[in-house]
Amino acid sequence: MENKTIYLTAQDVAEALNISQSMAYKLIREWNNKLKEQGKFVMAGRINERYFRQVVDVVA
């Protein structure tokens, strides 16, 4: 089985957290900045699903 990296869009994040899409973009920018500092690959407007689940799990 392939280990594919899945990226969530701002719409996905907004729906998962029940927030506006503009707030989701703001969160994604913050998270991506943290990932960049760690030397990770990031895509503007998208967040790695695994990282998202880690962050949300900590918050929940």
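The sections below set out a description of the structure shown in this document. Since the structure is predicted, the reported quantities are computational estimates derived from the model, not experimental observations. (Residues numbered from 1 in each chain as written. Predicted model: local features only at pLDDT ≥ 70, side-chain atom pairs only at ≥ 80, totals over all residues. Heavy atoms only, no water.)

### Notes on the overall build of the protein chain
The number of helices and strands found in the protein chain is three helices and two strands. Helices (α) and strands (β) of the protein chain occur, in sequence order from the N terminus, as β-α-α-β-α. Per-residue burial over the protein chain gives 25% buried out of 60 residues. Considering only residue pairs separated by 6 or more positions, the protein chain has 42% of its internal contacts joining residues 24 or more positions apart. (Helix = DSSP H or I, 4+ residues; strand = E, 2+ residues; numbered from the N terminus. Buried < 20%, exposed > 50% of the residue type's maximum accessible area, 1.4 Å probe, protein only. Contact = heavy atoms within 4.5 Å.)

### A look at the pattern of salt bridges
When the charged atoms of two side chains with opposite charge come close together, those side chains can pair. For the structure shown, the criterion picks out one salt bridge. Residue E49 pairs with R53 through a salt bridge whose shortest N-O separation is 2.7 Å. Here E49 pairs with R53, and both are found in helix α3 (residues 49–59), just four residues apart, close to one helical turn. (Salt bridge = Lys/Arg side-chain N within 4 Å of Asp/Glu carboxyl O.)

### Digging into the nonpolar core
By size, the foremost hydrophobic cluster in this structure holds 14 residues, and its most contacted members are V13, W31, I47, Y51 and F52. The leading source of residues in this core is helix α2 (residues 21–37), at five residues. With residues up to four places along the chain from it excluded, the contact list for F52 reads L8, V13, A16, L17, W31 and I47. (Core = buried A, V, L, I, M, F, W, Y, C linked by side-chain atoms within 4.5 Å.)

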